Amino acid sequence: KAGVTQTPRYLIKTRGQQVTLSCSPISGHRSVSWYQQTPGQGLQFLFEYFSETQRNKGNFPGRFSGRQFSNSRSEMNVSTLELGDSALYLCASSLGLAGNEQFFGPGTRLTVL
Amino acid sequence: GDSVTQMEGPVTLSEEAFLTINCTYTATGYPSLFWYVQYPGEGLQLLLKATKADDKGSNKGFEATYRKETTSFHLEKGSVQVSDSAVYFCASIKAAGNKLTFGGGTRVLVKP
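Residues numbered from 1 in each chain as written. Chains lettered and ligands numbered in written order. Predicted model: local features only at pLDDT ≥ 70, side-chain atom pairs only at ≥ 80, totals over all residues. Heavy atoms only, no water.

Along chain B, the regular secondary structure elements total zero helices and 12 strands. Listed by position from the N terminus, the elements making up chain B come as β-β-β-β-β-β-β-β-β-β-β-β. In terms of overall dimensions, chain B is globule-like: its C-alpha atoms have a radius of gyration of 13 Å, near the 13 Å expected for 112 residues. Along the first, second and third principal axes, the C-alpha atoms of chain B reach 45 × 30 × 20 Å. Relative to its 112 residues, chain B shows a buried fraction of 46%. Intrachain contacts of chain B at a sequence separation of at least 6 include 55% that bridge at least 24 residues. Total accessible area on chain B is roughly 5,400 Å²; 49% of this is exposed by carbon and sulfur atoms. Side chains of chain B carry 11 positive and 11 negative charges; the gap between the two charge centres is 6 Å. (Helix = DSSP H or I, 4+ residues; strand = E, 2+ residues; numbered from the N terminus. Rg over C-alpha atoms; globule rule 2.2 N^0.38 Å. Buried < 20%, exposed > 50% of the residue type's maximum accessible area, 1.4 Å probe, protein only. Contact = heavy atoms within 4.5 Å. Areas by Shrake-Rupley, 256 points an atom, 1.4 Å probe, with all protein chains shown as cover. Lys, Arg positive; Asp, Glu negative; His and termini not counted. Charge placed at Lys NZ, Arg CZ, Asp CG, Glu CD.)

As structure tokens, then:
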């Protein structure tokens, strides 16, 4: 079974630009969650989507948004990029049942210059 | 809110040494607990899990027991290898949700 895939793997953007990251979950998984990983803040939850609906949201500004499509693929968007948005963005998929284990993709490394 | 605290690294060990990484959690209710491992340049891999008190998760020689009385989930391995060098994350998830709360991570370096 194919794992979680994320594209692109690396991105370089400049301040003020916007970026879209993509995540394809494991086949049959309906829940997709996004996490931001930085050296200073560690791993922080961004949001979770299930059946095309946002089910949970972390404490991030409105510049961070996401969506999920009918095939469970998910995208997250960051607008008006700031230097502090430089991070590894990880996507995780799960069956969607509460408390289930989550399977992570390799991440997208975003660098904001 | 929920939180997970784990010992800070880096932890440097010689091959075949005993490894223990402490992890404690605070949570309402009865969360499920996980250990994830991250190798350089990669995402997180689930190492083991436990879903209720006194459960023992185990995988690849690693073990951790869900201790409700001490709210702990310490990771142990009896004999580490160089290939175990990685960053280890303890995490909790509420029974009613899908949001993982992570500890700060512990970098482990095993020297030959």
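From this point, the narrative continues.
Right, let's get into the nonpolar core. Of all hydrophobic cores here, the largest spans 24 residues; its most connected members are Leu19, Trp35, Leu48, Phe73, Leu75, Tyr88 and Val108 of chain B. Within the residue set of this core, elements represented by two or more residues are strand 2 (11-14), strand 3 (19-21), strand 4 (23-26), strand 5 (32-38), strand 6 (44-50), strand 8 (62-65), strand 10 (86-93) and strand 12 (106-111) of chain B. Non-local contacts of Phe73 of chain B, meaning those with residues more than four positions away in its chain, are made with Cys23, Leu33, Phe34, Trp35, Leu48, Lys49, Ala50, Ala64, Thr65, Tyr66 and Cys90 of chain B. Core analysis: the second largest hydrophobic core is formed by 21 residues, Ile26, Trp34, Ala87 and Val112 of chain A among them. (Core = buried A, V, L, I, M, F, W, Y, C linked by side-chain atoms within 4.5 Å.)

Looking at the largest pocket, its volume works out to about 640 Å³. Forming the boundary of the largest pocket are 29 residues, of which Gln37 of chain A together with Gln38, Val87, Phe89 and Arg107 of chain B lie nearest the centre. Broken down by secondary-structure element, the contributors of at least two residues to the lining of the largest pocket are strand 4 (31-38) and strand 11 (108-112) of chain A together with strand 10 and strand 12 of chain B. Sort the elements by how many residues they give to the lining of the largest pocket and strand 12 of chain B lands first, with four residues. Counted by class, the lining of the largest pocket contains 12 nonpolar, 12 polar and five charged residues. (1 Å grid on protein atoms, 1.4 Å probe; cavity = no way out; pocket = protein on both sides within 12 Å on 5 of 7 lines; lining within 4 Å. Points joined across faces, edges and corners; volume = space filled by probe spheres on them. Nonpolar A, V, L, I, M, F, W, Y, C, P; charged D, E, K, R; others polar.)

With respect to the helices and strands, Phe62 of chain B occurs in strand 8. Excluding residues within four positions of it along the chain, Phe62 of chain B makes contact with Leu19, Leu47, Leu48, Gly57, Leu75, Glu76, Lys77, Asp84 and Tyr88 of chain B.

Moving on, we come to the packing of aromatic side chains. Within a pair of aromatic rings, the relevant descriptors are the distance that separates the centres and the angle that separates the planes. What the rule picks out here adds up to 12 aromatic pairs over all chains. Between the aromatic rings of Tyr35 of chain A and Phe102 of chain B, the centroid separation amounts to 5.6 Å while the plane-to-plane angle is 85°, which identifies the pairing as edge-to-face. One end of the pair, Tyr35 of chain A, is in strand 4; the other, Phe102 of chain B, is in strand 11 (residues 100-102), on a second chain. Judged by relative accessible area, which is 0%, Tyr35 of chain A ranks as buried. For Phe102 of chain B, a relative accessible area of 9% gives the class buried. Seen from their ring centres, Phe104 of chain A and Phe102 of chain B are 6.2 Å apart, and the 65° between their planes marks the pair as edge-to-face. Remark: Phe102 of chain B occurs in strand 11 and Phe104 of chain A occurs in strand 10 (residues 103-104); the pair is interchain, linking two chains. Here the aromatic residues Tyr35, Phe45 and Phe104 of chain A together with Phe34, Tyr36, Phe89 and Phe102 of chain B are joined through ring pairs into a cluster of three or more. For the cation-ring pair, Arg55 of chain A lies above Phe50 of chain A, with the distance from its terminal atom to the ring centre recorded as 4.4 Å. (Phe/Tyr/Trp six-rings, centres within 6.5 Å; stacked < 30°, edge-to-face > 60°. Lys NZ or Arg CZ within 6 Å of the ring centre and 35° of its normal.)

All names here are of chain B. On the basis of which strands lie adjacent, the open sheet formed by four strands has the order 3-9-8-7 and antiparallel pairing. In this open sheet, the two edge strands, each paired with only one partner strand, are strand 3 and strand 7 (56-59). Strand-to-strand twist across the sheet, computed as the mean angle between neighbouring axes with direction ignored, equals 15°. Two elements, strand 8 and strand 9 (residues 75-77), share three bridges in a ladder whose sense is antiparallel. Residue Glu63 lies in a different strand from strand 9, and its bridge partner there is Glu76. (Pairing = 2+ DSSP bridges. Axes fitted to C-alpha atoms, helices over the stretch in contact; angles between N-to-C directions.)

Looking along a regular strand, one sees side chains alternate from face to face of the sheet. Residue and element names in this part refer to chain B. Summarising burial for strand 10: eight of the eight residues are buried, a large majority. Here strand 10 shows a buried face lined by Ala86, Tyr88, Cys90 and Ser92 and a second buried face lined by Val87, Phe89, Ala91 and Ile93. Bridge analysis of strand 5 against strand 10 gives seven bridges, and the strand direction is antiparallel. By the bridge assignment, Phe34 is partnered in strand 10 with Ala91. Here strand 10 pairs with strand 12 via three bridges, running antiparallel. Across the sheet, the residue bridging to Tyr88 is Thr106, located in strand 12. Strand direction decides the pairing type here: strand 10 and strand 11, joined by three bridges, are antiparallel.

These figures capture arrangement, not role.
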